[in-house]
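Remarks on the overall topology
The primary structure of each chain is shown beneath.
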Amino acid sequence: MKKIQFALLAWALALCTPLAFAQSTTKIKVGLMLPASGTYAALGTAIENGFKLYVTEQGGKLGGREIEYARVDDESDPAKAVDNVNKLLKRDNVDVLIGTVHSGVAMAMAKVAKETGTLYIDPNAGAGAITGSMCAPTTFRSSFSMWQSAYAMGEVMAAKGYKNVVTITWKYAAGDESVGGFKEAFEKSGGKVVKELNLPFPNVEFQPLLTEIAATKPDAVYTFFAGAGAIKFVKDYAAAGLKKSIPLYGAGFLTDGTLEAQGADAEGLLTTSHYADGLGTARDNAFRQAYAKAYKVEPDVYAVQGYDAAQMLAIGLNAVKGDLTKKAEFAAAIEKTKIDSPRGPFTLSRSHNPVQDIYLRQVVGKENKMIGIASKALADPGRGCTP
Amino acid sequence: MDRSAALFVALVFIALALVPLVAGPFGIDLVTKIMIYAIYALSLELLVGSTGLVCFGQAAFFGIGAYADVLLSPHSGAPSLLWILPACVLCAAGAALLIGALALRTKGVYFIMVTLAFAQMAYYIAHDTPLGGGSDGIYLSAKPVLGQWLHLDKPVVLHDFTLTCQAAVFIFLALMLRSRFGRALAGIRVNEQRMRATGFSTYPYKLAAFVISGAIAGLAGFLFAVKDGFVNPELLGWHLSAAVLIMVLLGGLGHLRGALLGAFTFVLLQEFFQSETIFGAFAKHWHLGFGLSIIAIVAFVPRGLVGVPGQLRERLLGRAARSAKKLPDDFF
Amino acid sequence: MDFTAFLVQCLNALQYGLLLFLVASGLTLIFGIMGIINLAHGSFYMVGAYMAYVLAPIVGASFGGGFLATLLIGVSLSVLLGYVLEWAFFSFLYEREHLQQVLMTYGLILVFEELRSLLVDDDAHGVASPEWLSGTIPLGGLMTYPVYRLFISAVCLIVAAGMYYVFKHTRLGMMIRAGSTNREMVQSLGIDVTFLYRVVFAAGVALAVLAGMIAAPVSSVYPGMGNSVLILCFVVVVIGGIGSVRGALLAALLVGAVDTVGKVLLPQAAGVLVYVLMALILLWKPEGLFKAG
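Residues numbered from 1 in each chain as written. Chains lettered and ligands numbered in written order. Predicted model: local features only at pLDDT ≥ 70, side-chain atom pairs only at ≥ 80, totals over all residues. Heavy atoms only, no water.

Quick look at the overall build of chain B
If you tally the helices and strands in chain B, you get 15 helices and four strands. Taking 332 residues into account, the globule formula puts the C-alpha radius of gyration at 20 Å, and chain B, at 20 Å, falls close to it. With the C-alpha coordinates of chain B rotated into their principal frame, the extents come out at 65 × 50 × 40 Å. Taken across its 332 residues, chain B has 63% of its residues classed as buried. (Helix = DSSP H or I, 4+ residues; strand = E, 2+ residues; numbered from the N terminus. Rg over C-alpha atoms; globule rule 2.2 N^0.38 Å. Buried < 20%, exposed > 50% of the residue type's maximum accessible area, 1.4 Å probe, protein only.)

Structural data, given as structure tokens:
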């Protein structure tokens, strides 16, 4: 019987040795680490679709080399993040890492990528640390930083003349960075954040805090929530009767992808983000048409971010003619190029974060319609990044 | 002592030692993870298999060991293994003392729920308070070293060090379970009331077992933090507590080698169901197959894999074979 | 904090506690009377919420039914579901050790989550509260209180009263109370314990599903929503005493109060306070506040 046990053990151990050896050098392997399950699954799909759309538009080749993919479902679980990145790097031997939605997982990706010198493009996660303390010459971001959309909204609300504002968000890194960015802009212009309310992430029992807001009677409220929390907050805010009396403002994701669920409660809300509906530019229209044709759904901000990640990869690869060992030239090429994105052209800051226009949007029906530019060519300060 | 069991365990350790020679970097990583989980499972085997205390909060001690490493490590320069390893183990043991003192006032079903609740408390401390660094987790700035040659940031060195720890824990537990202390624990597991009736004060023994178990789980957590270089609150989450219970049951309760088998099989089972080569696009629903497997295993193989040879023997050779087998004095 | 704000916070605490009681009562019944640890109880709550989401348009389209019709149909379906589940799965757990029950029901959670993913989807969804309950009650100045939350509290109180009546004044309740104290005795008295257990289990499931359905407009539906509720239910049952519905009510109200106070006064510690409460109560009474019954 012990022989059977040992044989099983040996067989199973043999399974561990990598079955696939390194691919031939003509193809570039792109490792997609995105959520395929859980609440963020739709976002992961959008990013992947956007990325692949660009590659298809280039004929499946970037920098003269064909692109192939390896995928891992990160399940938005930071506990498995390092394991999953290692699967892509050590088992699948990818050349480029793309991912992800959840900031905690992306932070693990950024760390491993930095330590191994792997090229890494972040197509969503907005944590400051990724282009801050964990920045690297091989790390790029095609999305935004939490600070950016919040700072822009701070400027907008200061310009509207509000003096006293209450902020409310989840107590976690993204929430802290959002409120921090907002506060920086708002208080610079003489406004005051009278109360910073928060609750543990991802708790959605907002009632006690809504009562607090009503008791404090500020001029306006600034908030950051995303996903299920955003849906609930907007609905609860309206249900508490506050929508009519204390205007609510938010950073982008409050109304991105949530309008269907929020219904009439979201009507008229103003938010800031780096993308909007109804931009009307030729570039955006072409992108939206192509995406809708290929995937039968309208694209969203996540699809744009994925699309732009592929653009950035293409720019770099074209500059080094497909030779990924030339990391310095790769980075230099992307740093000095203006990326022609559906959101509008943007460049990269020193810490490789997009320097872009932040739009002011209003909810009209089921769309976040752009009504103006909140902040032109806003750059994330990249605090903590030592080049 | 069962000779075939001892031989099996020895062979396992030799095979694990040879892994760096045959496997690539991913394989070494995977095996190191399995060994860390095996140490984690051994800690729970002491509680559940040997003492009969079903603890549903073991992840708390695992996570505390991991977080202790990250929080105690200096920001620059590698800490010495000589102080940081004992420090992390002590943190976990301390937490086990506090939690055990309260939880062991309850019994049976209550104990299960109370240990779960306390682990959740630790989870929320890591998740919500500044102490824990929040839901995104914290980076480990430098991995420990010992002298010139033992650098734990090198995968092969970490693999060998983990193997040494695993062997040490195994031998320690095997010796402990043979001692008077171990016999007392076995007595508590079989019938606590009877033990108390004979004048044995069972509470200190249970608490001691709880603390030792917590310390070993903390060791496993420490190694995990060193391996990943990154900790987050999910390490204290109840899914990890459930996972180690599954490992121990899967391998076989009451046998130390069951913990090894269970950790190994558990990880392989997960890898199997997550594999896109086998399941294609359905792989993202791997929890379904995995959940069904757990139900099936608990329903049909409740004595675990260790009991499989015995069950097969019974089926094939009938009752006579069972009576011929020695009574289970082997917990090895 | 002025008086109106204080009053509203009290209402918040009450509503939160009562909803928690509704879910936890099912857990403590199943626990206390059948002796099974059921980790999948949170999944029943999730099933209820998703039922509200999925059934509402179907009910509206097929015969123009509204919110109450959806509730009725959902609860009826859940009784059926509970009956079938008990027969097919849970009846095999009675003779098993607690560890096995824990692991088998844990596996069931995973199965339920994936079924949810396969049958519905992975997105978060909102559920509309019915028109006639969507108003708010002004409470002086800027404060208002949503009528729907009052509705939730009312439903929970009615159910609690109903349970009390059934336990104290009906034969079924008597059998249930007897069965929780001594199963074998009840069996030897000729009462069909199997049928009794099936009924109790179905009732437990129905309670959790009802809670999920009425909570859906307020909590929205999303993956994993059952897990956080489950742990809190366990805390409520531990504090209240296994098998004691009275204890579950008191414990749930305590938890609601502590949680609300925590959110307002100590937001960082809010998650931990409930467990501190549990630890303190266990120090004082290791078996919970009340005995079974």
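Here's the deal with the confidence of the model for chain A
Of all residues in chain A, 93% attain a pLDDT of 70 or more, and the chain-wide mean is 88. Predicted confidence for residues 16-24 of chain A stays below pLDDT 50, and this span has 11 contacts to residues more than four positions away or in other chains. (pLDDT = per-residue confidence, 0-100. Contact = heavy atoms within 4.5 Å.)

Let's talk about the pattern of salt bridges
Following the criterion strictly, the structure yields 33 salt bridges over all chains and no others. A salt bridge links A:K171 to A:D176, with the nearest nitrogen and oxygen atoms 3.1 Å apart. Take A:K171: its relative accessible area is 21%, and that puts it in the partly exposed class. Among the residues examined, A:D176 registers a relative accessible area of 39% and is labelled partly exposed. The partner of B:R196 in a salt bridge is B:E192, with the nearest N and O atoms 3.5 Å apart. Of the two residues, B:R196 and B:E192 both sit in helix 8 (residues 192-197), four residues apart, roughly one turn of that helix. Here the salt bridges share partners, and the residues they tie into one network are A:D83, B:K33, B:K227 and B:D228. (Salt bridge = Lys/Arg side-chain N within 4 Å of Asp/Glu carboxyl O.)

Comments concerning the packing of helix 3 (residues 58-72) of chain B against helix 4 (residues 81-103) of chain B
All names here are of chain B. Remark: helix 3 packs on helix 4, axes separated minimally by 8 Å, with the N-to-C direction vectors making an angle of 140°. In terms of their interaxial angle, helix 3 and helix 4 are classed as oblique. Judged by the twist between their axes, the crossing of helix 3 over helix 4 is right-handed. The residues of helix 4 that touch helix 3, namely those facing F61, I64, G65, A68, D69 and L72, are W83, I84, A87, C88, C91, A92, A95, A96 and I99. Within the contact of helix 3 with helix 4, the residues separate by chemical class into 13 nonpolar, one polar and one charged. (Axes fitted to C-alpha atoms, helices over the stretch in contact; angles between N-to-C directions. Parallel < 35°, antiparallel > 145°, perpendicular 65-115°, else oblique. Left-handed = near helix turned anticlockwise from the far one by under 90°. Nonpolar A, V, L, I, M, F, W, Y, C, P; charged D, E, K, R; others polar.)

Some words on the interface of chain C and chain B
Facing 42 residues of chain C, the contacting portion of chain B comprises 41 residues. For the pair chain C and chain B, the two sides together bury roughly 3,800 Å², of which 80% comes from carbon and sulfur. Counting the contacts that link chain C with chain B gives seven residue pairs in polar contact (both at pLDDT 80 or more). Put simply, the parts of the chain that give the side of chain C that touches chain B at least two residues each are helix 4 (98-119), helix 9 (225-240) and helix 11 (270-284) of chain C. Among the elements that take part in the side of chain C that touches chain B, helix 4 of chain C stands out by supplying 15 residues, more than any other. Of the residues assigned to the side of chain C that touches chain B, the class counts are 29 nonpolar, nine polar and four charged. (Buried area = accessible area lost by both parts, 1.4 Å probe. Polar contact = N/O pair within 3.5 Å; in protein donor to acceptor, adjacent residues only side chain to side chain.)

Thoughts on helix 5 (residues 146-159) of chain A
Residue and element names in this part refer to chain A. When the terminal C-alpha atoms of helix 5 are compared, their 21 Å separation across 14 residues agrees well with the 20 Å that a helix rising 1.5 Å per residue should span. Along helix 5, the positions that sit buried rather than exposed are M146, W147, Q148, S149, A150, Y151, A152, M153, G154, V156, M157 and A158. Just past helix 5, the residue G161 takes up positive phi, approximately 95°. (Expected span 1.5 Å × (residues − 1).)

Description of the pairing of strand 9 (residues 220-224) of chain A
Residue and element names in this part refer to chain A. Among the five residues of strand 9, five are classified as buried, and the element is accordingly described as predominantly covered. Of the two faces of strand 9, both are covered, the one formed by A220, Y222 and F224 as well as the one formed by V221 and T223. Relative to strand 9, strand 7 (residues 164-171) is paired through five bridges, and the arrangement is parallel. The residue bridging V165 from the neighbouring strand is A220, located in strand 9. (Pairing = 2+ DSSP bridges.)

Section: the packing of helix 7 (residues 180-190) of chain B against helix 9 (residues 202-228) of chain B
To characterise two packed helices, one gives the angle between the axes of the helices and the distance between these axes. Residue and element names in this part refer to chain B. The geometry of helix 7 relative to helix 9 is characterised by a closest axis approach of 10 Å and an angle of 110° between their N-to-C directions. The angle between the axes of helix 7 and helix 9 places the two elements in the roughly perpendicular class. Across the interface between the two elements, R180, F181, A184, L185 and I188 of helix 7 pack against T202, Y205, K206, A208, A209 and I212 of helix 9. Of the residues belonging to the contact of helix 7 with helix 9, the class tally is eight nonpolar, one polar and two charged.

Let's talk about the environment of B:S213
Residues and elements named next belong to chain B. Structurally, the position occupied by S213 is in helix 9. Taking C-alpha positions, S213 is 9.9 Å from L173, a pair spaced 40 residues apart along the chain. Not counting residues up to four positions away in its chain, the partners in contact with S213 are S43, L44, L46, L47 and Q58. Within the structure, S213 has its side chain in polar contact with the side chain of Q58 (distance 2.8 Å).

Comments concerning the sheet that holds strand 3 (residues 65-73) of chain A
Each strand in a sheet pairs with another by means of backbone hydrogen bonds, the pair being arranged parallel or else antiparallel. Residues and elements named next belong to chain A. One open sheet accounts for six strands, arranged 2-3-1-4-5-6; its pairing is mixed. Two strands bound the open sheet, and with one partner strand each, they are strand 2 (61-62) and strand 6 (139-141). Taken together, the three bridges between strand 1 (residues 27-34) and strand 4 (residues 96-98) define a ladder with parallel strand orientation. Pairing of V30 across the sheet is with V96, part of strand 4.

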